[in-house]
Amino acid sequence: MVRLPGGTFLMGSAEFYAEETPVHERSVEAFDLDAHPVTNEQFAAFVEATGYVTVAERPLDPADFPGADPDELVPGALVFTPTSGPVDLRDWRQWWRWVPDASWRHPFGPGSSVDDRPTHPVLQVSFEDASAYAAWVGRRLPTEAEFEYAARGGLAGARFAWGDEERPAGRLMVNRWQGDFPYRNTGAEGWVGTSPVMTFPANGFGFYDVTGNVWEWTTDYYAPRHEVPGQAAVEPGERPNLLAAASAEPGSRIARRVLKGGSHLCSPEYCLRYRPAARSPQAEDTATTHIGFRCARDA
């Protein structure tokens, strides 16, 4: 882990996406944060020691899916699947599909494995799974502010985790989509999909993959824009339940948390979110091939 002193920084950005606004001052207390995302071998040690079963591996309750064919309610997860050519980038369903039996052990479904990818970030982990691992190692998940503070690496308002220029001296600094999304990926430093942690340079604080490679869970409930501290309109005791309910998608009761950092699927023409300010909503029960996590700890 890397220890960071407490401090105040400019959080957010007004340059790209509305959900990153407003830019405002945010303070964090001193904390420790994993230098890189949790890996397959680290998560495997947790499962072996505890017998933990991830959300993607658990049977589905027919009561949660009224009208669905019970025979189709099998464990599984979302898997990115390249298209055969250009598609409408407004419809994410074109490149995501539900794959039965996909899980952290078999992230792309039956026949796939992590046995030869011990130092890649673990995938197909829900918010509950990440929280369970963090508790096992005596840690917790970071807040959104902690993650962004760490990802900025001490650079005030910089576009990327290393500065304002995406490729300084022509060097690729992050694992993000190379080519034409979502059908042609030529690979980042030879890696199509995730890369081993610490493949790309660390930022100024010594953190690897704080942008790119995998999106990462934080503890914050999602809202369509930043809530500036001191401007809350509800009593503190009411906040968690209200924020959780407000974070869910219309028609859903599943709370959404903030993901940070972007992933190997981010591309400039579709998702320029491999930046410290970037944020994305994700339902707590969701597991995919581009979401991982790292742990934090109070200093």
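Note: the structure precedes this text.
Residues numbered from 1 in each chain as written. Predicted model: local features only at pLDDT ≥ 70, side-chain atom pairs only at ≥ 80, totals over all residues. Heavy atoms only, no water.

Draft legend 1. A look at the pattern of salt bridges. Taken as a whole and assessed by the stated rule, the structure comprises 20 salt bridges. Measuring nitrogen to oxygen at the nearest pair gives 2.7 Å for the salt bridge that ties D32 to R3. In this pair, D32 is assigned in strand β4 (residues 31-33) and R3 in strand β1 (residues 2-4), connecting sequence segments 29 residues apart. A residue is classified by how much of its surface remains accessible, and D32, at 3% relative accessible area, is buried. (Salt bridge = Lys/Arg side-chain N within 4 Å of Asp/Glu carboxyl O. Helix = DSSP H or I, 4+ residues; strand = E, 2+ residues; numbered from the N terminus. Buried < 20%, exposed > 50% of the residue type's maximum accessible area, 1.4 Å probe, protein only.)

Draft legend 2. Focus on the nonpolar core. Counting 26 residues, the largest nonpolar core has V38, F43, V122, Y133, L141, W217 and F293 as its most contacted members. For this core, the secondary-structure elements that each account for two or more residues are α1 (40-50), α2 (127-136) and β9 (215-221). By residue number, the principal contributor to this core is α2, which donates four residues. Excluding its chain neighbours within four sequence positions, the residues that come into contact with F293 are P37, V38, F43, V122, V125, A130, Y133, L141, W215, E216 and W217. In terms of nonpolar packing, the next biggest core, distinct from the first, is built from 16 residues, F9, V28, A145 and F147 among them. (Core = buried A, V, L, I, M, F, W, Y, C linked by side-chain atoms within 4.5 Å. Contact = heavy atoms within 4.5 Å.)

Draft legend 3. How the structure looks around the environment of Q178. Looking at the secondary structure, you find Q178 in the loop between α3 (144-152) and β7 (179-180). A distance of 2.9 Å separates the side chain of Q178 from the side chain of R167, its partner in a polar contact. (Polar contact = N/O pair within 3.5 Å; in protein donor to acceptor, adjacent residues only side chain to side chain.)

Draft legend 4. Just the sheet that holds β1, in detail. Spatially, the three strands line up as an open sheet ordered β1-β4-β13, and their pairing is antiparallel. A single partner strand is all that each edge strand has here, and the edge strands are β1 and β13 (296-298). Ignoring which end each strand starts from, the neighbouring axes of this sheet average 25° apart. Of the pairings in the sheet, the one linking β4 to β13 comprises three bridges and is antiparallel in character. Pairing of F31 across the sheet is with D298, part of β13. The strands touched by α3 within the sheet are β1, β4 and β13, with β4 carrying the most contacts at an inclination of about 70°. (Pairing = 2+ DSSP bridges. Axes fitted to C-alpha atoms, helices over the stretch in contact; angles between N-to-C directions.)

Draft legend 5. Region of the structure containing the pairing of strand β10 (residues 256-260). Of all the five residues making up β10, five are buried; the element is thus mostly covered by neighbouring parts of the structure. Note that β9 and β10 share three bridges and pair antiparallel. Within the sheet, the bridge partner assigned to E216 lies in β10 and is K260. Sheet analysis places β10 next to strand β11 (residues 279-283), joined by five bridges and oriented antiparallel. Looking across to β11, one finds that K260 is bridged to R279.

Draft legend 6. Summary view of the packing of aromatic side chains. Using the criterion set out here, one finds 23 aromatic pairs in the structure. Note on F31 and Y149: the rings are 6.4 Å apart at their centroids and 50° apart in plane angle, and the pair reads as tilted. Residue F31 is located in strand β4, and its partner Y149 is located in helix α3; the two are separated by 118 residues in the primary sequence. Exposure remark for Y149: the relative accessible area of 11% places this residue in the buried category. An angle of 65° between the planes, with centres 5.3 Å apart, marks the rings of F43 and F46 as edge-to-face. Residue F43 and its partner F46 are both found in helix α1; the two are separated by three residues, about one turn of the helix. Taking the relative accessible area as the measure of exposure, F43 reaches 0% and is therefore buried. Each residue in the set F43, F46, Y52, W104, Y133, W136 and F293 is aromatic and connected to the rest through ring pairs, giving one cluster. When the ring centre of Y221 is taken as reference, the NZ or CZ atom of R257 above it lies at 4.0 Å. (Phe/Tyr/Trp six-rings, centres within 6.5 Å; stacked < 30°, edge-to-face > 60°. Lys NZ or Arg CZ within 6 Å of the ring centre and 35° of its normal.)

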